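# Summary of structural features
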Amino acid sequence: LPASTIKVRFNGETGPSYRSDMALDDVSLSRFAPPSPPPSLPPSPLSPPLPPLVPGEALAHTPQDIRDEINSATAEKRNAIVFIPPGARLAFSSNVACSGDMLLSVRSSGEGATLDGKKSSNMFDISGGCSLYLEALHFVDGRGAYGGAVFAYGAGDIATKDVSFTGCEASE
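What comes next is a walk through the structure. The structure displayed is predicted, hence computed values, not measured ones. (Residues numbered from 1 in each chain as written. Predicted model: local features only at pLDDT ≥ 70, side-chain atom pairs only at ≥ 80, totals over all residues. Heavy atoms only, no water.)

### Comments concerning the pattern of salt bridges
Our working rule: For salt bridges, the criterion is a side-chain nitrogen of Lys or Arg within 4 Å of an Asp or Glu carboxyl oxygen. Note on exposure labels: buried denotes an accessible area under 20% of the residue type's maximum, exposed denotes more than 50%, and partly exposed covers the range between, all computed with a 1.4 Å probe on protein chains only. Secondary structure elements are defined from DSSP: runs of H or I of at least 4 residues count as helices, runs of E of at least 2 residues count as strands, and each element is numbered from the N terminus.
This model, assessed by the stated rule, comprises five salt bridges. Linking Arg78 and Glu69 is a salt bridge whose minimum nitrogen-to-oxygen distance equals 2.7 Å. For Arg78, a relative accessible area of 27% corresponds to the partly exposed category. Put simply, Arg89 and Asp116 hold a salt bridge, and the shortest N to O gap is 3.2 Å. Residue Arg89 is located in strand E3 (residues 89–91), and its partner Asp116 is located in strand E6 (residues 113–116); the two are separated by 27 residues in the primary sequence. Classification of Arg89 by relative accessible area gives exposed; the value is 52%. Classification of Asp116 as buried rests on a relative accessible area of 11%. Several salt bridges share partner residues, and in doing so they unite Glu69, Glu76 and Arg78 into one network.

This is how it looks when you write it as structure tokens:
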């Protein structure tokens, strides 16, 4: 990621009722100078090599690939695990839904992958106890009544690592 990229991590926990949803409103960031790395450490590579897929992990190049993995996982009563190649850009015209008692893991590596709502759709609709794990992803231009990038209602746990949101908006 370019040096100008800002990474922020939010951790939250929802309760059991419909009134226990999550939202982030009026977030402010201030500029600061991060400490310099110790001189004895070599510089980290800008884009690490593509890691091997873990067993059972499906490669996704489109939102439909993610839907297909969820459908297969549901039929086989297992978790849905998806890897999106670094640098890929997936354009969403409608969201990917996950409901039921499973974990949906969607990850990339290195520079990450971009999930683009094209200012017309959020990317994920999570409900019915489905848990969601997101890693090394950039959500851009997501739109939805409830959840500009991810709408979660009656969902299980949601966890993120190295995830960014730019231009995602909820209207309600």
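Now that the structure has been shown, the text picks up again.
### Observations regarding the sheet that holds strand E4 (residues 96–99)
Rules: Strands are labelled as partners when DSSP assigns at least two bridges between them. All axes are obtained by fitting lines to C-alpha atoms, using only the stretch in contact for helices, and the reported angles, taken between N-to-C directions, cover 0 to 180 degrees.
Spatially, three strands are ordered E4-E7-E10 in an open sheet, and the strand pairing comes out parallel. If you trace the sheet from one side to the other, it starts and ends with E4 and strand E10 (150–153), each paired once. Within the sheet, the average angular offset between the axes of one strand and its neighbour, ignoring direction, is 10°. Strand direction decides the pairing type here: E4 and strand E7 (residues 124–127), joined by four bridges, are parallel. Paired with Ala97 across the strands is Asp125, a residue of E7.

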